[in-house]
Amino acid sequence: MSMIAAFYGGKSILITGATGFLGKVLIEKLCRTSPDLKVIYILVRPKAGHTLQQRVSQIINTKLFEKVREVCPNLHEKIRAISADLNQNDFAISKEDMQELLSCTNIIFHCAATVRFDDHLRHAVQLNVTATQQLLFMASQMPKLEAFIHISTAFSNCNLKHIDEVIYPCSVEPKKIIDSMEWWDDAIVDEIAPKLMGDWPNTYTYTKALGEMVVQQESGNLNIAIIRPSIVGATWQEPFPGWVDNLNGPNGMIVAAGRGFLRAIRASPLAVADLIPVDTVINLTLAVGWYTAVHRPKSTLIYHCTSGNLNPCNWGKMGCQVLSTFEKIPFEKAFRRPHADFTANTITVHYWNAVSHRAPAMIYDIYLWLTGRKPRMTKLMNRLLRTISMLEYFINRSWEWSTYNTEMLMSELSPEDQRIFNFDVRQLNWLEYIENYVLGVKKYLLKEDMAGIPEAKQHLRRSFPVYYAP
Ligand SMILES: CCCCCCCCCCCCCCCCCCCCCCCCCCCC(=O)SCCNC(=O)CCNC(=O)[C@H](O)C(C)(C)COP(=O)(O)OP(=O)(O)OC[C@H]1O[C@@H](n2cnc3c(N)ncnc32)[C@H](O)[C@@H]1OP(=O)(O)O
Ligand SMILES: NC(=O)C1=CN([C@@H]2O[C@H](COP(=O)(O)OP(=O)(O)OC[C@H]3O[C@@H](n4cnc5c(N)ncnc54)[C@H](OP(=O)(O)O)[C@@H]3O)[C@@H](O)[C@H]2O)C=CC1
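Please read all numbers here as calculations on a predicted model, not as lab measurements. (Residues numbered from 1 in each chain as written. Chains lettered and ligands numbered in written order. Predicted model: local features only at pLDDT ≥ 70, side-chain atom pairs only at ≥ 80, totals over all residues. Heavy atoms only, no water.)

Trainee: Hey, could you run me through the site of ligand 2 in this one?
Mentor: Neighbouring ligand 2 are 24 residues, the closest being Thr-19, Arg-45, Arg-55, Tyr-204 and Lys-208. Backbone polar atom of Ile-151 to an oxygen atom of ligand 2: 3.4 Å apart, as the coordinates give it. Measuring from an oxygen atom of ligand 2, one finds a side-chain N or O atom of Tyr-204 at 2.6 Å. Out of a free accessible area of 900 Å², ligand 2 has 88% covered by protein chains. For the shell around ligand 2, the secondary-structure elements that each account for two or more residues are α2 (21–33) and α10 (203–217). Counted by class, the shell around ligand 2 contains 13 nonpolar, seven polar and four charged residues. (Near = heavy atom within 4 Å. Polar contact = N/O pair within 3.5 Å; in protein donor to acceptor, adjacent residues only side chain to side chain. Areas by Shrake-Rupley, 256 points an atom, 1.4 Å probe, with all protein chains shown as cover. Helix = DSSP H or I, 4+ residues; strand = E, 2+ residues; numbered from the N terminus. Nonpolar A, V, L, I, M, F, W, Y, C, P; charged D, E, K, R; others polar.)

Trainee: So what exactly am I meant to see when it comes to the sheet that holds strand β7 (residues 224–229) here?
Mentor: The strands making up a sheet are joined through hydrogen bonds of the backbone, oriented either antiparallel or parallel. On the basis of which strands lie adjacent, the open sheet formed by seven strands has the order β3-β2-β1-β4-β5-β7-β11 and parallel pairing. Two strands close off the open sheet at either side, each with one partner strand: β3 (79–83) and β11 (301–305). Direction aside, the axes of adjacent strands within the sheet are offset by 20° on average. Pairing between strand β5 (residues 147–151) and β7: four bridges, direction parallel. Looking across to β7, one finds that Phe-148 is bridged to Ile-224. (Pairing = 2+ DSSP bridges. Axes fitted to C-alpha atoms, helices over the stretch in contact; angles between N-to-C directions.)

Trainee: Which parts of the structure should I look at to understand helix α6 (residues 95–104)?
Mentor: Count 3.6 residues to each turn of an α-helix, and residues three or four apart come out pointing the same way. Looking only at α6, the buried set comprises Asp-97, Met-98, Leu-101 and Leu-102. Each buried residue of α6 sits inside an arc of 130° when the element is viewed along its axis, so together they form one side. Along α6, the residues that are exposed and aim more than 90 degrees away from the buried face are Lys-95 and Glu-96. In this structure, the buried residues of α6 make contact with β1 (12–16), β2 (39–44), β3 and α7 (121–139). (Buried < 20%, exposed > 50% of the residue type's maximum accessible area, 1.4 Å probe, protein only. Arc of directions from axis to C-beta. Contact = heavy atoms within 4.5 Å.)

Trainee: What is the right way to read helix α11 (residues 250–258) from this model?
Mentor: Counting buried positions over the nine residues of α11 gives nine, a clear majority of the element. Listing the buried residues of α11 in full gives Pro-250, Asn-251, Gly-252, Met-253, Ile-254, Val-255, Ala-256, Ala-257 and Gly-258. Buried residues belonging to α11 abut β8 (231–233), β9 (264–266), β10 (275–277), α13 (315–328), α15 (377–395) and α18 (430–445). Looking at the residues trailing α11, positive phi occurs at Gly-260, about 85°.

Trainee: Explanation requested: the nonpolar core in the structure shown.
Mentor: Grouped burial of nonpolar side chains is what soluble globular proteins tend to show. Among the nonpolar cores identified, the biggest contains 154 residues, and Ile-15, Leu-30, Ile-42, Phe-109 and Leu-409 are the most heavily contacted of them. Of all the elements, helix α12 (residues 278–295) adds the most residues to this core, at ten residues. If near-sequence neighbours (up to four positions away) are discounted, Ile-15 is found in contact with Leu-26, Ile-27, Leu-30, Ile-40, Tyr-41, Ile-42, Leu-43 and Phe-109. (Core = buried A, V, L, I, M, F, W, Y, C linked by side-chain atoms within 4.5 Å.)

Trainee: Please clarify how the side chain of Ser-402 should be interpreted in this entry.
Mentor: By secondary structure assignment, the location of Ser-402 is in the loop between β13 (400–401) and α16 (404–412). Under the relative-accessibility criterion, Ser-402 is labelled buried at 7%. Engagement of the side chain of Ser-402 in a polar contact is seen with the side chain of Asp-164, the distance being 2.9 Å.

Trainee: I would appreciate a short explanation of the state of the cysteines in the present structure.
Mentor: Simply put, the disulfide is a covalent bond whose two ends are the sulfur atoms of two cysteines. Taken as a whole and assessed by the stated rule, the structure comprises zero disulfides. In this structure Cys-170 is not part of a disulfide, and its nearest cysteine sulfur, from Cys-158, lies 11 Å away. Overall, the relative accessible area of 7% leaves Cys-170 in the buried class. Among the cysteines around Cys-305, which has no disulfide bond, Cys-111 carries the closest sulfur, lying 12 Å off. (Disulfide = S-S within 2.5 Å.)

Trainee: Quick question: what am I supposed to make of the site of ligand 1 here?
Mentor: Taken together, 31 residues lie near ligand 1, and Arg-116, Phe-117, Thr-153, Tyr-204 and Gly-249 sit nearest. Thr-153 has a polar side-chain atom sitting 3.1 Å from an oxygen atom of ligand 1. In the complex, the protein chains occlude 78% of the 1,600 Å² of accessible area that ligand 1 would expose alone. When residues of the shell around ligand 1 are traced back to their parent elements, those giving at least two are α11, α13 and α15. For the shell around ligand 1, the element with the highest residue contribution is α15, accounting for seven residues. Across the shell around ligand 1, the residue classes break down as 21 nonpolar, six polar and four charged.

Trainee: I'm lost on the environment of Asn-223 in this one. Help?
Mentor: In this fold, Asn-223 is placed in the loop between α10 and β7. For Asn-223, a relative accessible area of 12% puts it in the buried group. Taking C-alpha positions, Asn-223 is 20 Å from Gly-17, a pair spaced 206 residues apart along the chain. Excluding anything up to four places from it in sequence, Asn-223 contacts Glu-146, Ala-147, Phe-148, Thr-292, Arg-296 and Pro-297. Polar contacts involving the side chain of Asn-223 include one to the main-chain carbonyl oxygen of Glu-146, which spans 3.1 Å.

Trainee: Please explain the UniProt feature "domain: Fatty acyl-CoA reductase C-terminal" (unreviewed entry) in the protein chain as it appears in this structure.
Mentor: Annotation from UniProt places "domain: Fatty acyl-CoA reductase C-terminal" (unreviewed entry) at residues 357–448. With 70% helix and 2% strand, residues 357–448 has its two end C-alpha atoms placed 25 Å apart. (UniProt positions renumbered as here; feature names shortened; annotations may be inferred.)

Trainee: Help me understand the pairing of β5, please; the structure alone is not making it clear to me.
Mentor: Every regular strand shows the same layout, with side chains that alternate between the two sheet faces. Counting buried residues along β5, five of its five residues qualify, which places the element largely inside the surrounding structure. The alternating pattern of β5 places Ala-147, Ile-149 and Ile-151 on one face and Phe-148 and His-150 on the opposite face, and all of these are buried. Of the pairings in the sheet, the one linking strand β4 (residues 107–110) to β5 comprises four bridges and is parallel in character. Each bridged residue has a counterpart across the sheet, and for Phe-109 the counterpart in β5 is Ile-149. Handedness of the crossover is the feature at issue here: the chain leaves β4, passes through α7, returns alongside β5, and the resulting connection is right-handed. (Right-handed = clockwise from strand over helix to strand, strands pointing away.)

Right under this line is the structure:
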C-alpha cells in the first residue's frame, strides 16, 4: 500500500496555477493515485468567453487525463473550480467560497506564477511575491491545514554558482518592495528595477527569490516546504512519455529548430543542461506534501528538483539528439532542413543572425509579397531572436545545486512509494527521453499526425535548393 497515495485519500486540496503546465500534471497524478481524495479546489481566473466549468472541462477532456478518466470516472465532481484572480485583493474570491476554503483545506500547492522573463517588475512582484504573501495569510486562517507547498525555481538564486537548499536573502526586504509598489509609478519602477535586480538576469528569477523570502518570513506556525525545479521539460514516464503543451523553455527552441528557423545559437555545448521532467517534479511535490504534513520538520525544508549533480547531460549532447530525432520524425512544413550550430562569441552570433536567420526570412518575405501573400517571416524571426536572447543566460552557464533534502526524502519512502512517486533522475536515459520529448512536441504541442511523416520527409527533399543553405 502506498503511504503517499493513502495520505491524500479523503483530503481537501487547494491548488493555485492548476491550469498551467505543472498544475495539470499535478491534478492528473493526484486523481490517478488517490481517486478517493475528497476535493481539489482550484483557483481559476475567469477568461473572456469561457466559464470556469469550460476551463476545467478543456483540461480534463484532454489526452493527458485519458488514464485518470478510467480510474476516477467522477473526476468532474472531484475538481471544484473557484473563481479567483491572484492579482486582486483577497484574490477576488466570493465570501462563501473563501469560507469553504478556509474551513476545509488540508493541503495547499502554490504553483501559480508569472514565468515570463520580461514581465514588468510591478506585475511580477504582484503575482510572485504579493500573492504568495496573501496566500500565506489565508493559510494561517485554515484550522485544518497540514502542509503548504510552495513551488519556486532552482534559478531563484541564479546569481550564485553553487546553490544549497537554503533561502538566500535579497538586499531589499520583499515587504519594502511590496509597499513601495503601491506608490511608485511605472516610470520610477522602470528606473529602479535594474538597481533592485542587481545580478539577477530578469524579473522572473528576481521575484521568485523575493517570493521565497516572503515564505520564510511569513511561515508562522505553518508546515511549509519549498520545491525548486530547474528547467521543467516534457513527461518522462507518466501518464505517458513526451507530453508537453506550451512553448516555454526548450519547447519553443525545439519547434524553431525542427521547422528550420533556428540555425545557430550562442550556447556552451559543455554547459550542464539541467532539465527535469515534469512528472518527476510532480512526484517529488506529492512526496514533499506527504512528508511535510506527516513528519512536520521543525524548519522550512527546501528541495532541489534538478538533474545536474545526479545524472548530468550537457547542451551539446541534447542538441545532437534533438537534431538526430528530426531525421527520423521531421516536423511538417519545415522552412529549411533542421540544422543548428553552437557559436561561442558575440561576433559570430551577429554574423549567423544576419546570414542564417534575418536574410533568409527577408528573402522569404519578398517571395511571399511577390506572390500576393502577407509577409510574416521577418516578424517571426525577430520574435525568435528576442526569445533566444532571453534564454542565452541559461544555456551558457552551469550551476551546482545540492540535493541533500531531496535524497533524504527518497530514502524515507517505502519501496512502493519510490516506484509510484519516482523522482530518482539517476534512472533517466537522456537519449531516450529527448527522443520522446521531440516526438511529444510534434504530437501534443504541434498536433501533427504521425501518418504525415512520409510527406514531411518528402517536403524536406523537395526543398533541396534551401536544404544546404546557411
Ligand atoms: C531538449 C532540449 C534541447 C533543446 C535543443 C533544441 C534545438 C536543437 C538545436 C541544437 C542547438 C541548440 C541547443 C541549445 C538550445 C536549448 C535552449 C533551451 C533553453 C532553455 C532555457 C530555459 C531557462 C529556464 C530558466 C528558468 C526556468 C523556469 O523557472 S520558468 C519557465 C521558463 N519560462 C519561460 O520559458 C518563459 C519564457 N517566455 C517569455 O518570457 C516570453 O514568452 C518571451 C519574452 C520569450 C516572448 O514574449 P513576447 O511578448 O514577445 O511574446 P508572447 O506574448 O509571450 O508570445 C507571442 C507569440 O509568440 C509565441 N511564442 C512565445 N514563446 C515562444 C517561443 N519560445 N517560441 C516560439 N513562439 C513563441 C506565443 O505562443 C505567441 O503566439 P501567438 O499566440 O500565436 O501570437
Ligand atoms: N515551467 C518551468 O520550466 C518551471 C516552472 N517553475 C515554477 O513552477 C510553477 C508553475 O509553472 P508553470 O506551470 O510552468 O507555469 P504556467 O505559466 O504554465 O502556469 C501558470 C499558472 O498560474 C496561473 N496564473 C497566472 N496569473 C494568475 C492570476 N492572476 N490569478 C490566478 N492564476 C494565475 C495561470 O493561470 P491561467 O491559465 O489563467 O493563465 C496558470 O495556471 C511556477 O511557480 C514556476 O515558477 C519552476 C521552474 C521551472
